[in-house]
Each structure stands twice: as structure tokens, then as C-alpha cells.
Amino acid sequence: MGIVRILDSNQLHFFDSHGYLVIESFATPDEIHAMRSRMEQLLHEFDCSTSSVFSTVNQQQLTDDYFLESAENISFFFEEKAFREDGNLKQAKELSINKVGHALHELDPVFKSFSNSEKFSGLLLSLGYKRPIPIQSMYIFKQPGIGGEVVPHQDNSFLYTEPTTCTGLWLALEDANTTNGCLWAIPGSHKNGLVRRFLRGDKGVYFDQPSPAYEKKDFVPIEVKAGSLVVIHGDLIHQSFENQSPKSRHAYSVHVVDTEGCVWAQDNWIRRKVQPEPLYES
């Protein structure tokens, strides 16, 4: 196969016990520059008359065909607080976008190259993946002053396989800290299993259970430098707060599932017309 495992036993032990792992300098400065420059170009070319709003607080009410079809497209989603009462943007579109998703890793050559790199494959091989498939990707902006909250959640809720196999790979394209909206997680919470699922039915998308209440004191911040990768277990409870600072917090996120011995749930929100190709087969 030719793929080299990149995680050592200490890193695997930390991931198994905490449910997340930080790998510093996973992306080079050149790779970061390439992705940020490419996103600047995509935003420049984007016609903001065709778009949607993204929110983890009330996405059930905001879901539309644009969101559902984004699974196989490069789609643009605005922040909830980006608009004035008259419906116009408060500021430039480049400072109003929440995220771009969910098929950058398939459709854009810059993001595809990074998402299909040998270091991604080596990481997944280290985690025990047999036939990994990147199932969604997002460029997340966390805009200055208006970057929205991402409520506590588990990635397996949205990208469910039987058995569960989702892993989140969250790359900091800028320094992320408690001031500009870094990730927060409850260490070890992945050991408690999946608490609810985000389903797609005939009438749209919905959660099958209400969200549990979480104590803020149980969360720890995951502050990282640009280029660091945060590996997130699919059952880990994690979140991020609003960015009320004057500095953005760009990140590129890829979610991966295994297709060896696993079944993709047909009631997931993502419904693909074409099955994506695996990164490798062991």
C-alpha cells in the first residue's frame, strides 16, 4: 500500500483516552497559503444572490434545498448576524460568510490535493481505517465580531454509520484561541456513546432527541497555532463560542467515515448520487 502510519503509541493513547488529539505543524505555510488564497478567489467569484444561512442553533428552520444539495457542491452559507433588517448585508460578503461546504475536498483541486495527501492517509491508517472516505468538508471563517456559536455536538450525530466510524479532522488556518472562538471539548466524553442523531425525513431534517444539558466547567479549550490539526473522535462532545473579537479564525474541516464492514445510514442528511472514492483500501 505504501502508506506510512504517522501516529505513535503515545498519540494514540492520548486520543483513545481524551477523544481528541492535536498534531502541530500538520500543514505547511505553503499549504495554508494555497488554501486561503484559493478561498479568496472562490469568494470573489461567488454571486451572493444565491446563498443560504447556516446555524447550529436553529438549522431545522433554516434548512432549504440549497443546504441539502450542498453535499455534492461548493456552497456558501452566511452568518445569521450578517444581514440588516432590510435583508441587505451589513458588510462585504467576504466578512459575512459563515462557511463554504460541503464538497471542497472533491470538486476543488487545491482542497482535493490536501485532503487526499499521504499524510491524511497515514493518519487514518494509524486510526485503524480500512477503506476511508472523506464524506464532507467545510471552510469555516468564524468572522470577526459575528462568527456564530457552534453548540455542543457529536459528529457521529450527523454522519452516522453502523458501527459508528466518523472522525473529524479540523485544520487551523489561523491561530485559534479563547478570544476568537477556538474549539472546546469535554475530554473523555466520547466514551459515553452517541446521545442523539440528526435525521433527514420526508419533512426535512430534525434531531431524534433533545440536546442534553452540559456543564461549561467540563469543557476545556483547544488552543492551537495555524497549521495544527485537531483530530476529533465522532462521539466527542465539542463546541465553539461566538467570535466577538476583531480577529477571524479560519479553519478547514474534513469528516471521514469507513466503508469497510460499515453501513452508511440512509436517513443521514447527506444523500449522495455518486459514491465518493476511498482514499485507500487496506
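For the protein chain, an unreviewed UniProt entry supplies the name Phytanoyl-CoA dioxygenase and the organism Citrullus colocynthis. Turning to the protein chain, the UniProt annotation filed under Cofactor (unreviewed entry) states: "Fe cation".

(A) Region of interest: the environment of L279. As for its position among the elements, L279 is in the segment after β16 (263-264). In this structure L279 comes out as buried when scored by relative accessible area, which is 16%. For L279 and A265, which are 14 residues apart along the polypeptide, the C-alpha to C-alpha distance reads 20 Å. Excluding anything up to four places from it in sequence, L279 contacts S115, N116, S121, L124, P132 and P134.

(B) Spotlight on helix α1 (residues 9-18). You can read the cap of α1 off the contacts: a side-chain oxygen lies 3.1 Å from the backbone nitrogen of N10, and it is on D8. Trailing α1 by a residue or two, G19 shows a phi angle of about 90°, which is positive.

(C) Up close: the environment of S245. With respect to the helices and strands, S245 occurs in the loop between β14 (238-240) and β15 (251-258). A sequence separation of twelve residues divides S245 from H233, and the C-alpha atoms of the two residues are 28 Å apart. At 3.1 Å, the side chain of S245 forms a polar contact with the backbone oxygen of K247.

(D) Examining the state of the cysteines more closely. In this structure the tally under the stated criterion is zero disulfides. Left unpaired, C166 is separated from the closest cysteine sulfur, that of C262, by 12 Å.

(E) Local environment of the sheet that holds strand β9 (residues 183-185). Judged by pairing direction, the sheet is antiparallel, and its four strands sit side by side in the order β6-β14-β9-β12 without closing on themselves. Lying at the two open borders of the sheet, with one neighbouring strand each, are β6 (150-153) and β12 (220-222). The mean angle between the axes of side-by-side strands here comes to 25°, regardless of whether they run parallel or antiparallel. Relative to β14, β6 runs antiparallel, the two being bridged by two bridges. Across the sheet, residue H153 finds its bridge partner in β14, namely H238.

What counts as what
Starting afresh in each chain, residues are numbered from 1 along the sequence in its written order. In keeping with the predicted nature of the model, local features appear solely for residues at pLDDT of at least 70, side-chain atom pairs appear and are counted solely at 80 or more, and the whole-chain, interface and lining totals rest on all residues. Calculation of side-chain values draws on the structure's entire complement of heavy atoms; hydrogens and water are dropped beforehand. UniProt positions are given in the numbering used here, feature names are shortened, and annotations may be inferred rather than shown by experiment. Numbering of helices and strands starts at the N terminus; helices are DSSP runs of H or I of at least 4 residues and strands are runs of E of at least 2. Here's how the labels work: a residue is buried when its accessible area is under 20% of the maximum for its type, exposed when over 50%, partly exposed in between, all with a 1.4 Å probe on protein chains only. Should any heavy atoms of two residues lie within 4.5 Å, those residues are considered in contact. Within 3.5 Å is the distance limit for a polar contact, defined as a pair of N or O atoms, with the added protein rule that one can donate a hydrogen and the other accept it, and that residues adjacent in sequence qualify only through two side-chain atoms. Defined by distance alone, a disulfide is two cysteine sulfur atoms within 2.5 Å. Note on pairing: two strands pair once DSSP finds at least 2 bridges between them. Axis lines are fitted through C-alpha atoms, for helices just across the contact stretch, and the angle between N-to-C directions can take any value from 0 to 180 degrees.

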